Amino acid sequence: MFERLTQWLRGKAGGDDDPRRGGGWEILGGIPGWSSAGAIWDKKLVADVRSLEQLHGQQSAVWACVRRICMAAQEAPPRIGQADEDGWTDLPDHPTAALLTAPNAGMSYAEFLNHYLMHLELTGDTWIWKWRNAAGYVNELWPVPTSWVTPRRDQGGYSIFQGSNKPAVLVPPSELVRIFHPHPSSLTRALGPLQAALRDVRVDEARQDYQMELLANNKRPGLIMYQPEDWSEEQKSDVRNVFVQNMGDGGRGKTVFMQGEGAKVEPIPPVGELDWPGLTGLSETRICSCFGVPPIVAGLRAGLETATYSNYEQALRAFYEGTMVGLWQLLDAGLTRGLLTDEGETEGAEIYHDTEGVKGLKEDADKRAARAAQLFSGGLCTRNEAREMAGLDSLDAGGDVFVLPMNLVETPADQLGQPPEEPPKDDGAAGVPPAPVTPPMNPGAANMMQAAAGG
């Protein structure tokens, strides 16, 4: 066998004198089917938009991250408001407000949001098609998969796929709302989280394929049993029955009988010596990093291994503050531009996501109450302001007051650093009060003091 392998290698390398045979490394390049990492990445990283959309249902870490983002986004409903001299005023009667609540006849707002947000996170791009009524006003909004939209610059619009048996529809840019994650090398191209994480997704896919192939093609026995003499068919049958009944049915773990010098039972080591949990965790954490979702929040093993209630709360807050706040701002700008500015809104109205009720952005109730009590006792806020911070109702009587500790003295800011004034001295001058007169001592007390002194 070794001689045949040597001859085969020599034939591939061109003989003993071939310089390619130095050091034995020519074996890797000479084996048919061997691929370098560069060639593999060239194939693996070529992914069209439709392939990116399909990865949502094929890669569990991607699905978990996108689902967590979509669920969190629903906690902040869209509102319309306007900045004025009084600060900020909500416009609940604005015509677009009702459109955001019920985008179209077939979807609730949550379904509508999930669709266009999934497209944004998977492909870096999302499109919303504006449908108009007979009067020309927008009365429905439809999310369009990114793979359905094709730019037609020669025709001045975008072609939207309508199904395999229907012709595509040419839509002018004014009828589409586009929101995208910008690409650093272009003003119009998009670069989404999944595209940035594509290498790690492919590595995780290869790891899963490898494990599946090992399990499906595992032909190794579970035990090898020896005894000095040959095995009779009756002995084999008896031993098989004992092991199958005690170890369970299935193709894996079949017993192999070998003839040797002594009787023994030898277990076969498990398949694979790679650090599978470590490889899985490495891919998961990198995918989560691109989406901005901590592994513990996404429910992945890389985060759950060290999960506690405390660090989960911290990770959840970091997710909302570091990922969701920025994402809401991106959606605010895109929706405002597409649904208000492009529709001729001249009053300065804006679409924003109301984060007041988002629990992930609120302080812990105990910490908030302790902070309110500290501010009130330090004289920095009124009693009613402290109660409001603690989530309590205001008081009609005695609520709008400050308190100041008795050991503190108020000092004007312009007098800080100056030495304090000395109290007036009793020098007999006019206007200075006389020194206090010591009252006469009680005779009984004087006698006691004299006796104590030995007099």
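Up top is the structure these notes are about.
What comes next concerns the included structure. (Residues numbered from 1 in each chain as written. Predicted model: local features only at pLDDT ≥ 70, side-chain atom pairs only at ≥ 80, totals over all residues. Heavy atoms only, no water.)

**Some points on the sheet that holds strand β5 (residues 149-152)**
In space, the 3 strands of this open sheet follow the order β5-β6-β7, with antiparallel pairing throughout. Pairing within the sheet leaves two strands with one partner each, and these edge strands are β5 and β7 (169-171). Within this sheet the neighbouring strands show an average axis-to-axis angle of 30 degrees, counted without direction. Pairing of β5 with strand β6 (residues 157-160) involves 4 bridges; the strand directions are antiparallel. Note that in β6 the partner of Arg152 across the bridge is Gly157. (Pairing = 2+ DSSP bridges. Helix = DSSP H or I, 4+ residues; strand = E, 2+ residues; numbered from the N terminus. Axes fitted to C-alpha atoms, helices over the stretch in contact; angles between N-to-C directions.)

**Structural notes on the packing of aromatic side chains**
Under the criterion given, the structure shown has 7 aromatic pairs. An angle of 40 degrees between the planes, with centres 5.4 Å apart, marks the rings of Trp131 and Trp142 as tilted. With Trp131 in strand β3 (residues 125-132) and Trp142 in strand β4 (residues 138-144), this pair connects stretches of sequence that are 11 residues apart. The class of Trp142 is partly exposed, set by a relative accessible area of 23%. When the centroid spacing of 5.3 Å and the interplanar angle of 65 degrees are considered together, the rings of Phe319 and Tyr320 count as edge-to-face. Judged by relative accessible area, which is 0%, Phe319 ranks as buried. Through a chain of ring-to-ring contacts, the aromatic side chains of Trp129, Trp131 and Trp142 assemble into a single cluster. (Phe/Tyr/Trp six-rings, centres within 6.5 Å; stacked < 30°, edge-to-face > 60°. Buried < 20%, exposed > 50% of the residue type's maximum accessible area, 1.4 Å probe, protein only.)

**Describing helix α9 (residues 198-216)**
Its 19 residues give α9 an end-to-end C-alpha distance of 26 Å, which sits within 8% of 27 Å, the value for a rise of 1.5 Å per residue. When we look at burial in α9, the residues that qualify are Leu198, Asp200, Val201, Arg202, Asp204, Glu205 and Arg207. (Expected span 1.5 Å × (residues − 1).)

**Considerations on the sheet that holds β4**
Remark on secondary structure: sheet strands pair via backbone hydrogen bonds, oriented parallel or antiparallel. Taken together, 3 strands build an open sheet; the order of strands is β4-β3-β8 and the sheet is antiparallel. Each having just a single partner strand, β4 and β8 (176-180) make up the two edges of the open sheet. Averaged over all pairs of adjacent strands, the angle between their axes in this sheet comes to 20 degrees, without regard to strand direction. Where β3 meets β8, 5 bridges bridge the pair, whose relative direction is antiparallel. Its bridge partner being in β8, Trp129 is matched across the sheet by Leu176. Against the sheet, helix α7 (residues 109-123) engages β3, β4 and β8, with an angle of about 145 degrees to β3. (Contact = heavy atoms within 4.5 Å.)

**Some thoughts on the pairing of strand β12 (residues 349-353)**
For β12, the tally of buried residues reaches 4 of 5 residues, placing the bulk of the element in the interior. By the bridge criterion, 5 bridges tie strand β1 (residues 78-84) to β12 in an arrangement that is antiparallel. Its bridge partner being in β12, Gln82 is matched across the sheet by Ala349.

**Details of the packing of helix α5 (residues 60-73) against α7**
Packing of α5 against α7 leaves a shortest axis separation of 10 Å and a crossing angle of 135 degrees. Relative to α7, the element α5 lies oblique. For the crossing formed where α5 meets α7, the hand is right-handed. The residues of α7 that touch α5, namely those facing Val62, Val66, Ile69, Cys70 and Ala73, are Leu113, Asn114, Leu117, Met118, Glu121 and Leu122. (Parallel < 35°, antiparallel > 145°, perpendicular 65-115°, else oblique. Left-handed = near helix turned anticlockwise from the far one by under 90°.)

**Comments concerning the pattern of salt bridges**
Here the structure, examined in full by the defined rule, presents 8 salt bridges. Across the salt bridge formed by Arg178 and Asp125, the nearest N and O atoms sit 2.7 Å from each other. One end of the pair, Arg178, is in strand β8; the other, Asp125, is in strand β3, and 53 residues separate them in sequence. The same class applies to Arg178 and to Asp125, which are both buried. Arg286 is paired through a salt bridge with Asp200; the nearest N and O atoms lie 3.5 Å apart. (Salt bridge = Lys/Arg side-chain N within 4 Å of Asp/Glu carboxyl O.)

**Observations concerning the environment of Ala76**
Here Ala76 is to be found in the loop between α5 and β1. For the pair Ala76 and Glu356, spaced 280 residues apart in sequence, the C-alpha separation works out to 7.6 Å. Apart from residues no more than four positions distant in its own chain, Ala76 is found in contact with Tyr109, Trp328, His353, Asp354, Thr355 and Val358.

**Quick word on the environment of Glu121**
Position of Glu121 among the secondary structure elements: in helix α7. Considered as a pair, Glu121 and Gly192 are 71 residues apart in the sequence and their alpha carbons are 5.8 Å apart. Setting aside its immediate chain neighbours within four residues, Glu121 contacts Val66, Ile69, His181, Pro193, Leu194, Phe291 and Leu327.

**Quick look at the environment of Tyr109**
Inspection of the secondary structure puts Tyr109 in helix α7. For Tyr109, a relative accessible area of 15% puts it in the buried group. With 35 residues separating them along the chain, Tyr109 and Gln74 place their C-alpha atoms 8.7 Å apart. Setting aside residues up to four positions removed in sequence, Tyr109 forms contacts with Ala76, Pro78, Leu100, Thr101, Pro103 and His353.

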